[in-house]
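So you can see what is in the structure, the chains are spelled out below.
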Amino acid sequence: DMYLRCGAAGMHLIFALWTVYHMESWRFKLGGMLITNPFFDCPWLSLSLRDFWSGRWNGLTHSTLKLCVYSPLKKLGLPHVPVVMFVFLVTAYIHIVPVLLAGFGFREIAVPMIVYFELHAVLLLCEGLVHPEQWGVVGTAWVGLALLLPSPLLFAPV
């Protein structure tokens, strides 16, 4: 158990440092102008989960995951669906590590978080079939429900 926690802490630290490096390296491009995505870009206006996760919610993490996880896996020629599923698994991992380090149990906290993020990956992939971004306010309502209904998985009681 101790080795798992130390390993998880180490991986989380590496990801956090890479995120800070990524943020700072972009800050100095174009004469010091900050050109990275904003952390939050009116997420309540999202018309689809793709819109929410790929630009409106935590732009820095999205940019880092795209640069460090999604793009390298796509360059290896891996198919889109497993790559998206893996990116959301990494997102779950980022949320799980602090909870595990705080001493909470894996089964009680981590498993529901993994289910939450993998569910969102599946919903996001299925959106490609129905294009909710064309639904206007109904698309926004869809995003709200998709985020809210499974939220007990993300915020599981201890």
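A brief structural summary. (Residues numbered from 1 in each chain as written. Predicted model: local features only at pLDDT ≥ 70, side-chain atom pairs only at ≥ 80, totals over all residues. Heavy atoms only, no water.)

One finds L49, W53, F88, F117 and L147 to be the most contacted residues of the largest nonpolar core, which totals 21 residues. Breaking this core down by element, the ones donating at least two residues are α3 (49-56), α5 (80-101), α6 (106-130) and α7 (137-148). Considering every element that reaches this core, the biggest residue donor is α6, with 8 residues. Formed by 7 residues, the second largest nonpolar core is a distinct cluster that contains L65, V69, V87 and I94. (Core = buried A, V, L, I, M, F, W, Y, C linked by side-chain atoms within 4.5 Å. Buried < 20%, exposed > 50% of the residue type's maximum accessible area, 1.4 Å probe, protein only. Helix = DSSP H or I, 4+ residues; strand = E, 2+ residues; numbered from the N terminus.)

Let us now look at the pattern of salt bridges. Between side chains of opposite charge, a pair can form as their charged atoms come close. Within the structure shown, the criterion is met by 1 salt bridge. When the shortest N-O distance is used, the salt bridge between R56 and D51 registers 3.1 Å. (Salt bridge = Lys/Arg side-chain N within 4 Å of Asp/Glu carboxyl O.)

To continue, consider α3. For α3, the set of buried residues is L49, F52, W53 and R56. The buried residues of α3 occupy an angular sector of 130 degrees when the element is viewed end-on, so they sit on one face. Turning to α3, the residues buried within the fold contact α4 (59-75), α5, α6 and α7. Positive phi shows up at N58, right after α3, with a value of about 50 degrees. (Arc of directions from axis to C-beta. Contact = heavy atoms within 4.5 Å.)

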